[in-house]
Amino acid sequence: MIAFRLLVLVCLLYVGMLFLVAFFVERRAARSGIGWLRSPLVYTLSLSIYCTAWTFYGAVGYAARSGLEFATIYLGPTLVFIGWWWFLRKLVRIGKSQRVTSIADLISSRYGKSNLLGVIVTVLAVVSAMPYIALQLQSVALSFGAFADAAPKGWAIEGPASTAFWVAVGLAVFTVLFGTRNLDANEQHQGVVTAIAVEAVVKLVALLAVGVFVVWFVADGPADIIARVNASQIAAWRLQPGRWIGLTFLAGAAVVSLPRMFQVMVVENGHERQLATASWAFPLYLFAMSLFVVPIAVVGLEMMPKGSNPDLFVLSLPLMLHQNGLAMLVFLGGFSSATSMVIMAAIALSTMVSNHVVMPVWLHFVAPRATLSGDVRRVVLLSRRIAIGAILAMGYGYYRFTGGGEALAAIGLISFAGAAQVLPAMVGGMFWRGATRAGAASGLLIGFTLWLYTLFLPSFGDTGLLSPAVMTQGLFGLAWLRPHALFGVDGLDPLLHALFWSIALNTLAFCAVSLMTFPSPVERLQGAQFVNAFERGPGAQGWSRGLAEAEDLLVMSQRILGPDAAQAFFGAQARAQGVEGLLPETTPEFVDRLERLLSGSVGAATAHAMISQIAGGAAVSVEDLMAVANETAQMMEYSSQLEAKSEELTRTARQLREANAKLTQLSLQKDAFLGQISHELRTPMTSIRAFSQILMGGGLPEADAARFAGIIQDESIRLTRLLDDLLDLSVLENGQVTLNETEVSLRTLIDRALVAAASGGLTIEREAGAEAVTLHTDADRLSQVFINLVSNARKYCDAARPRLKIAVRQRGAQVEVDFIDNGTGIPKDSQALIFEKFARLTDQSRAGGAGLGLAICREIMANLGGTIAYLPGQGGAAFRVSLPRRIARVA
Amino acid sequence: MAMRRALFLARRSYRLRRMMDAARLLPILGFMLFLMPILWGPATTDVRPTAFDAVYLFLVWPALILAAFAIARALAPVMGAEGAEAEAAEAGGRDGAPR
């Protein structure tokens, strides 16, 4: 028989071995990197802390009581893991890119670094872990008890409670030594994780060994087992669809929301490839753990005496069959299952407690008063050690309070249901950008309250906190508030009832409040980062971008280093950056240096944590983002301003260029005009001067004198006419002309023009009927145009028998008068020029004018509201005058 | 030659996409398979064919694991690249919050 002392000794040796493994691994990791430790195998094995003593002992008991239903606890996680591409991959990616340290950190980070949510999740996690830890203690106590039963004499234990107490104390010490031995930022508890991987192998081997022993040595192989199954009382189990689906869901939810699972799965994850392997290897592990559960249960039910605890079949079967070695292995397997769970849970929970409860409180109340250097490192470690002790004490308290009588699986499920309350906030936060902090908080609180009321508190039984009256008649005597029949729903078993109401109302509150509330900017940014996790590379966050305010960092540093040292450092850094005063730019280099400085005083991990977590650290990434967004917005605004300005400049420059070109052109025109004018004035002046000189010389025959005087007069008339024309043009061009409007017949006007223009040599063709149009216009000005056109025809028409056709047409309110002669017309390239001043196509002797006629015509027509244009293609020179029948009054 | 190469690559990434689809569909298939026992056993009789249920479950289960294994293997190239990124990012500076 195995003596109690031997059992204790084996336990201690085993723990010592684990400690050595952890120690060795951490040494190796520190010296030569972590290479093989990052292998997917270690990761997968560490995930096996899902299989606790509940699996190791409880699954068989569960199978003995409820048949195959035990498998749902492993089918749920199997589905979650083979569906890793949906959920786990994103969870791990988010965990890495946001540097999440716990599930409370995840929730708090997602909803705008809300410390409130961190606290809620922490409390929820701690409370829901209590039954689970109690379960481990109970299982170890039971396993000690099994040995005692097998060998009643020589055992010096007082009872399971005392065993549980000492186990709790031992585990607390063990976890403190293991989990809070160091606080180095670069070690992801590698030692612990490796030790847990070793434990995973031990428990798997132990369970498989028992299974093989039972199937092939006790029974006659698989066929025999199948026969025994159908014959046993297990075959009487009934599959309850509700429980089957509900438990599968619950287990799947628990595997992602249990704090310890989150710790090993997300926080301790090295890279995503580990997850790819775990996607099939972890289900395989679960499968292997479950494979022999039914055979062991069946054989146990057959062979063990009536009334023996089925939770202990794994251990009591080998003991009964005197397989002491196997029993010892099983004992160690069970011990491994319990210890690994407790260690990891305690580490995860104490991290949450210290990061989300103790440190904020300490920094808020204690640190401000500690003006000189306060040892944050000690505070963190101490708070964790105390938290570990407290968590185990609570677990033990739960165990004592509930009397340790329940089946292991029933206790575990209570825990699962509590942990699963995080699920809506977690999944919603990862896939729905509209999820808000208020929504998450209300969902969590409602779920937590309902879970407490319908499952956790009733689990204490008669000794518990809810009186039997409340249980049967409901709170305040309200029947619809009975804990096991909320709102009158009493058809479900308590677990399913609690699960249904808590998760349903949790989700409902989460969604409804999220829809109604408005998230803060930080929340929205974090939400976008979580939901769009795959649009960023993994691990992109760091000190690499802008940071928290320098002032905040200074305040924080003063708390740790003391004002003088902190100010000296900040001042020096500011000077090095060329900035006046105490606040340097928060460049990545500066923050790195600050972190190193802090780590010299309080340790690297704490320094990093101080900057990253406490000083708004997780918030750093967001504030940073907001700053970046701000900067970008400012840059964009600035650049758009610049763009607008440059556009304006371009526009102005173009206008200036155009104006300049116009001015140059005008200047040229003016020069040309002046040149023309001088030329036009000089020609008659020259002849006048020459002939007057001759006349002054005297002695001329009378006839010559008269002729010369005639020439002088002609030239002066021409000069006068030129000046009149110029004046006329100037008046017309400036629009200063006053129109003398009258009713006049077009025919009269044409008649007058023909007479005035002395159209003697021309044959005139007219359409008498068409000319019967009465115009309301300035008759004198219009006839001036007509005279000009007729005289032009007279002067320039080079046909042998010159002919002028005057055609009148009416187009609506417009009248068109065409003057078409039968000459050669005007060459095409000159057509554009003829209306310009001094434009004369032939030598001036023929014209006898200054070349202003058509220019004046154009100006007159413009003043009369009409136009004059050259009409090409009429077999000679043709001009069309078009004007309104009634002149429009312009202003 | 270039054409064939491009074709090969497109085909490969197409396969990869479909493998991701498979990875997404697998848990749904698994869920349905795990629900099958509900459909079989209307609890009219007291005795279920428990051994049959057990054998069924313990056959479907490894089949799913095998499928997950094949999918994870096929998706390994993608993960490899991402893993390398993650490692590179890690080399830059580990997360150091105390836990």
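### Re the overall build of chain A
Reasoning step 1: Each helix and strand in chain A was counted, giving 33 helices and 7 strands.
Reasoning step 2: In chain A, the share of contacts with a sequence separation of at least 24, taken over all contacts with a separation of at least 6, comes to 80%.

### Things to note about the overall build of chain B
Reasoning step 1: Helix and strand counts for chain B stand at 2 helices and 0 strands.
Reasoning step 2: In chain B, which comprises 99 residues, the share counted as buried stands at 27%.

### Some words on the nonpolar core
For soluble globular proteins, the rule of thumb is that nonpolar side chains tend to be buried together.
All names here are of chain A.
Reasoning step 1: Residues Ile107, Ile296, Val314, Leu349 and Ala417 are the most contacted members of the largest nonpolar core, which totals 202 residues.
Reasoning step 2: Among the elements that line this core, the one with the most residues is helix 16 (residues 324-366), at 20 residues.
Reasoning step 3: Sequence-distant contacts of alanine 417, defined by excluding residues within four places in its chain, comprise Leu250, Trp451, Leu455, Leu495, Ala498, Leu499 and Ser502.
Reasoning step 4: The next biggest cluster of nonpolar side chains, apart from the first, holds 38 residues, and it includes Leu746, Ile750, Leu762 and Ile868.

### Structural notes on the confidence of the model for chain B
Residue and element names in this part refer to chain B.
Reasoning step 1: Across chain B, pLDDT averages 70, with 60% of residues at or above 70.
Reasoning step 2: Low pLDDT, under 50, characterises residues 1-6; the predicted model gives this stretch 0 contacts beyond four residues in sequence or across chains.
Reasoning step 3: Note on residues 82-99: pLDDT under 50 across the span, and 44 contacts to partners over four residues away in sequence or across chains.
Reasoning step 4: The ipTM assigned to the predicted complex is 0.78, against a pTM of 0.66.

### Looking at the sheet that holds strand 2 (residues 763-766) of chain A
Adjacent strands of a sheet form backbone hydrogen bonds with each other and so pair up, either parallel or antiparallel.
Residue and element names in this part refer to chain A.
Reasoning step 1: The sheet built from 5 strands is open, its strands ordered 2-4-5-7-6 with mixed pairing. With one partner strand each, in any of the chains shown, strand 2 and strand 6 (867-870) form the two edges of the open sheet. Ignoring strand direction, the axes of neighbouring strands in this sheet form an average angle of 15°.
Reasoning step 2: The pairing of strand 6 with strand 7 (residues 878-884) spans 4 bridges and is classified as antiparallel. The partner of isoleucine 868 across the bridge, within strand 7, is valine 881.

### A closer look at unusual backbone geometry
For residues that are not glycine, phi is negative in most cases, and the peptide bond is trans in most cases.
Reasoning step 1: Not every positive phi belongs to a glycine, and A:His322 is a case in point at roughly 60°.
Reasoning step 2: Looking at the secondary structure, you find A:His322 in the loop between helix 15 (313-320) and helix 16.

### Things to note about the packing of helix 2 (residues 40-47) of chain A against helix 13 (residues 272-291) of chain A
The angle between the axes and the distance between the axes are what describe a pair of packed helices.
Residues and elements named next belong to chain A.
Reasoning step 1: Between helix 2 and helix 13, the shortest axis-to-axis distance is 9 Å and the interhelical angle comes to 50°. Classified by the angle their axes make, helix 2 and helix 13 are oblique. Between helix 2 and helix 13 the crossing geometry is right-handed. Here Pro40, Tyr43, Thr44 and Leu47 of helix 2 come into contact with helix 13, specifically with Arg273, Gln274, Thr277, Ala278, Ala281, Phe282 and Tyr285.
Reasoning step 2: Class assignment of the residues belonging to the contact of helix 2 with helix 13 gives a composition of 7 nonpolar, 3 polar and 1 charged.

### Some remarks on the packing of helix 9 (residues 190-218) of chain A against helix 14 (residues 293-303) of chain A
Residue and element names in this part refer to chain A.
Reasoning step 1: Running from amino to carboxyl end, helix 9 crosses helix 14 at an angle of 55°, the nearest separation of the two axes being 9 Å. If you check the angle between helix 9 and helix 14, you find them oblique. Here helix 9 runs over helix 14; the crossing is left-handed. Here Val210, Gly211, Val214, Val215 and Val218 of helix 9 come into contact with helix 14, specifically with Pro295, Ile296 and Val299.
Reasoning step 2: Of the residues that constitute the contact of helix 9 with helix 14, the class distribution is 7 nonpolar, 1 polar and no charged.

### Details of the confidence of the model for chain A
The predicted coordinates should not be examined in detail at positions where pLDDT is low.
Residue and element names in this part refer to chain A.
Reasoning step 1: With 83% of its residues at a pLDDT of at least 70, chain A reaches an overall mean of 79.
Reasoning step 2: Predicted confidence is poor over residues 599-606, with pLDDT under 50, and the contacts of this stretch with residues over four places away or in other chains come to 25 contacts.
Reasoning step 3: Scored below 50 in pLDDT, residues 613-620 shows 23 contacts in the model against residues more than four places distant or in partner chains.

### Thoughts on helix 18 (residues 408-419) of chain A
Reasoning step 1: The terminal C-alpha atoms of helix 18 of chain A lie 17 Å apart, and with 12 residues this matches the ideal 16 Å at 1.5 Å per residue to within 8%.
Reasoning step 2: Within the span of helix 18 of chain A, buried status applies to A:Leu408, A:Ala409, A:Ile411, A:Gly412, A:Leu413, A:Ile414, A:Ser415, A:Phe416, A:Ala417, A:Gly418 and A:Ala419.

### Some details on the environment of A:Gly334
All names here are of chain A.
Reasoning step 1: Relative to the helices and strands, glycine 334 resides in helix 16.
Reasoning step 2: Look at glycine 334 and you get buried, because 28 C-beta atoms sit within 10 Å.
Reasoning step 3: Distance in space between the C-alpha atoms of glycine 334 and serine 143 is 7.9 Å, their sequence separation being 191 residues.
Reasoning step 4: Contact partners of glycine 334, with chain neighbours within four places excluded, come to Ala53, Phe56, Tyr57, Ser139, Ser143 and Leu315.

### A short note on helix 15 of chain A
Reasoning step 1: With 7 of 8 residues buried, helix 15 of chain A lies mostly within the body of the structure.
Reasoning step 2: Two residues or fewer past helix 15 of chain A, A:His322 is found with a positive phi of approximately 60°.

### As for the environment of A:Ser467
Reasoning step 1: Residue position: A:Ser467 is located in the loop between helix 20 (437-456) and helix 21 (468-473).
Reasoning step 2: C-alpha of A:Ser467 to C-alpha of A:Leu457: the two residues are 10 residues apart in sequence and 10.0 Å apart in space.

### Examining the pairing of strand 7 of chain A
Reasoning step 1: The pairing of strand 5 (residues 814-821) of chain A with strand 7 of chain A spans 7 bridges and is antiparallel. When the sheet's bridge partners are listed, A:Asp818 is paired in strand 7 of chain A with A:Arg880.

About the cut-offs
- Residues numbered from 1 in each chain as written.
- Chains lettered and ligands numbered in written order.
- Predicted model: local features only at pLDDT ≥ 70, side-chain atom pairs only at ≥ 80, totals over all residues.
- Helix = DSSP H or I, 4+ residues; strand = E, 2+ residues; numbered from the N terminus.
- Contact = placed C-beta atoms within 7 Å.
- Buried ≥ 20, exposed ≤ 12 C-beta atoms within 10 Å, placed from the backbone.
- Core = buried A, V, L, I, M, F, W, Y, C linked by C-beta atoms within 7 Å.
- pLDDT = per-residue confidence, 0-100.
- Pairing = 2+ DSSP bridges.
- Axes fitted to C-alpha atoms, helices over the stretch in contact; angles between N-to-C directions.
- Parallel < 35°, antiparallel > 145°, perpendicular 65-115°, else oblique.
- Left-handed = near helix turned anticlockwise from the far one by under 90°.
- Nonpolar A, V, L, I, M, F, W, Y, C, P; charged D, E, K, R; others polar.
- Expected span 1.5 Å × (residues − 1).

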